[in-house]
Amino acid sequence: MFRYIMRRIGLAIVSMFIIMTMLFVLVKMLPNPVPDGMGGQGRALVEMRRAWGYYDPIWTQYLIFLKRVFTEFNWGFCTTVGTFLQPVTEYLVSKVPFTVYINVFAEAISIPLGIFFGMMAAIFKNKWQDQVINVFIMIFISVPSFVYAFLLQYFVGFKLGLCPLVLKSGFDFFSWEMFHSAIMPILALSFGPIASYMRLIRAELSEVLTADYMLLARTKGLTRWQATFRHAFRNSIIPIVPHFLWGFIGILGGSILIERIFSVPGIGGVYITALNKKDYDVFMCLSMFWVVIGLFGGILADMSYGLIDPRIRMGGGKTNDY
Amino acid sequence: MITNENNMERIPAEKFEFVQLNDKIYDKKLETRPIGFFQDALIRFSQNRGSVICAIILLILLLYAIFGPMISNYSLDEKDGYYQYVLPKMSDKIDLGFWNGCTTKEYNQATYDYLTAIPGAVREDLGSRIGIVANREATLYKVKVDTYARRGFYELLLSTDQVEAARKYEQETGIQLFYPLIDRSQITCQPYSDDPNAWFKTNAKGVAERDANGQLIDIFLKDDGTTPYSYGDGYKYFKPTQGGNQYLARVLYSDWYYYTKGKTACFWFGADEYGYDIFTRLASGARLSFLISITSAIIDLIIGIIIGACEGYYGGWFDLLVERIKEIISEVPSIVFITLAQIYFARKMGGLFVFWVTLVVFGWMGISGTVRAQFYRFKGMEYVMASRTLGAKDRRLIFRHILPNASGFIITSTILSIPGVIFTESSMSFLGIVNLNSKHLTSVGAILANGQTTLTTYPHCLFFPAIFISILLVCFNIFGNGLRDAFNPALRGSN
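Note that the structure is predicted; figures quoted are calculated from it, not measured. (Residues numbered from 1 in each chain as written. Chains lettered and ligands numbered in written order. Predicted model: local features only at pLDDT ≥ 70, side-chain atom pairs only at ≥ 80, totals over all residues. Heavy atoms only, no water.)

Q: Teacher, can you tell me more about the overall build of chain A here?
A: Secondary structure assignment for chain A yields 13 helices and 0 strands. Here chain A has a C-alpha radius of gyration of 25 Å; the compact-globule value for 322 residues is 20 Å, and the former is much larger. Taken over the C-alpha atoms alone, chain A extends approximately 85 × 60 × 30 Å along its principal axes. For chain A, the residues scored as buried account for 45% of the 322 residues in total. Look at the contacts in chain A between residues 6 or more apart in sequence, and 71% of them connect residues 24 or more apart. For chain A, the accessible area works out to roughly 16,500 Å², and carbon and sulfur atoms hold 67% of it. Side-chain charges in chain A split into 27 positive and 18 negative, and the spacing between the mean points of these groups amounts to 6 Å. (Helix = DSSP H or I, 4+ residues; strand = E, 2+ residues; numbered from the N terminus. Rg over C-alpha atoms; globule rule 2.2 N^0.38 Å. Buried < 20%, exposed > 50% of the residue type's maximum accessible area, 1.4 Å probe, protein only. Contact = heavy atoms within 4.5 Å. Areas by Shrake-Rupley, 256 points an atom, 1.4 Å probe, with all protein chains shown as cover. Lys, Arg positive; Asp, Glu negative; His and termini not counted. Charge placed at Lys NZ, Arg CZ, Asp CG, Glu CD.)

Written as structure tokens, this is what we have:
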């Protein structure tokens, strides 16, 4: 197991370096002229950029970047996005709370609801309850999240006037007003995960319910509910836990679309702005943040299989030895 | 009592007889027709009612995308800013009570007066009530307003020839095109100072002054005998401008529209902020979505099969290399690549082509993964070894013996990749990363993005594209799932 994890981490670090190099070269090759008609300001900008090394060869710049990042974890400073010369990490950290705030609630809603309805569907398999749940699964999985966002905004927010149309500004995360204005983005974010959890639980649980040990449990005299909860549910949840974990890892990435629609000042919207305004440091920091989350989240999710279910051995050969 | 007939254990011997004693038995030719793999899949697919319905709906949507622009009254680049944001209307002749371009709202006195001054704008007067507006009591009028007629009058400059042609048309058909010009000096309400609809006398707040009969009092320019084309009612209809070459005239826009374009305005799905017909724009956006997704799925299929087959069949360093490349590409958030590609190449090669290429770059990996897994599964099987022993070449083994096993999986994953592409396209256009919106081109995502800005005031701009894309994606997924079940031999007989 240890050797397997080390190998995965090693491979992830190699991929990370390749992606980092690729992105750095690609983004630095973008033309970024000083806008015309800026006069003295333009000349000052050129001098500033010269001092920052913008006109050095890309490889020199890359080495400087690597040295800066790995010796002092300095990701540079904002130039065109956010406050001028504010450290990038500080700027991004100020954006993260909004994204996390909305996504944590969305995840907290979708896991119990997904489990509950998924179980219902599996227990009442092929009855009307299952049919209804299946229809909802199909709709929630297929319809894009921005469509729910519009529907919520129009009907709940505008027609019924129950919630504000966009997220309240400010940093008072624990006030009722903030939560009230966050309800709609939370809902729009949670429909998709609810449906996918429902589908997973339904598939797993309905398979487990037909297993032989369920028959044994019933023969021993357990009621149907006891057998389902004590025996089937626990086993069916094992393959799904990594998906919950993925959900929580995904929280940090945020959803660009939902953040755009509900004017959430989160991390998703920064990215497009950074690329369009050619703020290299913000772009690199944010991209690497996502890439690292993706790479190491994958390892974590894979590892969790082995931790939750001791019968599963990751990375073993044909004989399951390690 | 047990009779001899029903007692199976003691059937009398004379009841038995030989079917054949001296005949020879030969193998009979099967009387039923053999059922092939695809035929079997088709049979099982057609038993899945939900999937068949979805397939039919998809076909309808596809037909809408292909023929929509042809059956609509508008062309893709035809816009009329004067009709911006008008509501959906089915037809001029049929009024179902809904889908007729009308909206019911409450208005204050000034707006109510304004609307009654426009011919046809107030479709139905639904009474008034005393309400409270800004802490003051006011009469509120509930009216059903025709959003098409409410555009009302329009002032335009016409050349002498145009005026004469229009006058001739008026005399021939009896339809009045021109209306008297307004005396601007008599307008007391500031917001109405340039409004061609404000032809009546108001106070400073815009509330109309009425005569003894309750009629509006007009403030038309009086005819001073200097302009040609008099109607003989004492009002001035044309005002020479620009040294007498052109005339300022005031027309009722719906009649003028009919006169110039030969049709009455009727937008089935309403019009957007530029006055484009949403029905036509949406159909052509759908056409683009289908075109992008289907062509990129086909290219993905070809690349995916070739690379996946080589990976799976030959294995070794090629497999290792391609797997690492795939891992790296899939780790980079696709949005990064799409944005960078747009910034680099969009100006030179066109945003659409560049976007299509980026889709292919990400798309082939799914298919190649499926194909690779199938090759790993089948390449060690005995029948493949038998064929190789008989001297079959690699190419024959790959395409004749192994690939057909994967055909079901390949078809399903190709079909299921299409909604993903449509979703990517619409979200990228929505975010403004890919700009596919122009005079002659549009996409569903671009229409959605335009509609979102006026969500609360004109929801119809968003409603139709949102419904369209939702139905499309739901149907594609159900259809794809049905196809997957039909192609899965393990499920044969289970449903």
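Resuming the write-up.
Q: When you look at the pattern of salt bridges in this model, what are you seeing that I'm missing?
A: Pairing between side chains of opposite charge can happen when their charged atoms approach one another. Scanning all chains against the criterion turns up 18 salt bridges over all chains. The closest approach of N and O atoms between R50 of chain A and E47 of chain A, which form a salt bridge, is 3.8 Å. In this pair, R50 of chain A and E47 of chain A are both assigned in helix α2 (residues 39-52), 3 residues apart and thus about one turn of the helix distant. The exposure class assigned to E47 of chain A is partly exposed, which follows from its relative accessible area of 48%. Residue D485 of chain B pairs with R484 of chain B through a salt bridge whose shortest N-O separation is 3.9 Å. Looking at D485 of chain B, the relative accessible area reads 29%, which means it is partly exposed. (Salt bridge = Lys/Arg side-chain N within 4 Å of Asp/Glu carboxyl O.)

Q: Which parts of the structure should I look at to understand the interface of chain B and chain A?
A: It is common to report an interface's size as the accessible area lost on association of the parts. Across the boundary between the two partners, chain B contributes 32 residues, which contact 35 residues of chain A. Between chain B and chain A lies a buried interface of about 3,100 Å² when both sides are counted; carbon and sulfur atoms form 81% of it. Along the contact surface separating chain B from chain A lie 0 salt bridges. One can count 2 residue pairs in polar contact (both at pLDDT 80 or more) joining chain B with chain A. The set of elements that each furnish at least two residues to the side of chain B that touches chain A consists of α7 (316-331), α8 (334-349), α11 (394-431), α12 (444-452) and α13 (460-487) of chain B. (Buried area = accessible area lost by both parts, 1.4 Å probe. Polar contact = N/O pair within 3.5 Å; in protein donor to acceptor, adjacent residues only side chain to side chain.)

Q: What is the right way to read the confidence of the model for chain A from this model?
A: Residue and element names in this part refer to chain A. When pLDDT is averaged along chain A, the result is 83; 93% of the residues meet or exceed 70. Of all helices and strands in chain A, the one with the weakest mean pLDDT is helix α10 (residues 241-253) (75), whereas helix α5 (residues 128-142) scores best (90). Across residues 316-322, confidence stays below pLDDT 50; counting only partners more than four residues off in sequence or on other chains, it has 4 contacts. (pLDDT = per-residue confidence, 0-100.)

Q: Where do I start with the sheet that holds strand β1 (residues 102-107) of chain B in this structure?
A: Pairing between the strands of a sheet comes from backbone hydrogen bonds, and it takes one of two forms, parallel or antiparallel. Residues and elements named next belong to chain B. The 3 strands lie next to each other as β1-β3-β2, forming an open sheet whose pairing is antiparallel. The open sheet has two edge strands, β1 and β2 (122-133), and neither has a second partner. Between one strand and the next, the sheet's axes are offset by a mean angle of 15 degrees, whatever the strand orientation. As defined by bridge partners, β1 adjoins strand β3 (residues 136-146) across 6 bridges and the pair is classed as antiparallel. Of the residues in β3, the one forming a bridge with T104 is K144. Taken strand by strand, helix α3 (residues 109-116) contacts β1, β2 and β3, and its axis lies near 30 degrees from that of β3. (Pairing = 2+ DSSP bridges. Axes fitted to C-alpha atoms, helices over the stretch in contact; angles between N-to-C directions.)

Q: Help me understand α7 of chain B, please; the structure alone is not making it clear to me.
A: For an α-helix, the turn length of 3.6 residues means that residues three or four places apart are oriented alike. With 16 residues, α7 of chain B should cover 22 Å at 1.5 Å per step; its first-to-last C-alpha distance of 23 Å lies within 8% of that length. Restricting attention to buried positions, one finds in α7 of chain B the residues D319, V322, K326, I328 and I329 of chain B. Along its buried surface, α7 of chain B packs onto α1 (2-28) of chain A together with α6 (278-314), α8 and α9 (351-378) of chain B. (Expected span 1.5 Å × (residues − 1).)

Q: What should I look at first to understand the packing of aromatic side chains in this one?
A: Two aromatic rings, taken as a pair, are described by how far apart their centres are and by the angle between their planes. Residues and elements named next belong to chain B. Inspection of every chain in the model, using the stated rule, returns 63 aromatic pairs over all chains. Between Y83 and Y148 the ring centres are 6.0 Å apart and the planes differ by 50 degrees, which places this aromatic pair in the tilted class. You can see Y83 sitting in the loop between α2 (49-71) and β1 and its partner Y148 sitting in the loop between β3 and β4 (153-159), a full 65 residues away along the chain. In this structure Y83 comes out as buried when scored by relative accessible area, which is 2%. Taken together, the ring pairs connect Y74, Y82, Y83, Y148, Y154, Y253, Y257 and F267 into an aromatic cluster. (Phe/Tyr/Trp six-rings, centres within 6.5 Å; stacked < 30°, edge-to-face > 60°.)

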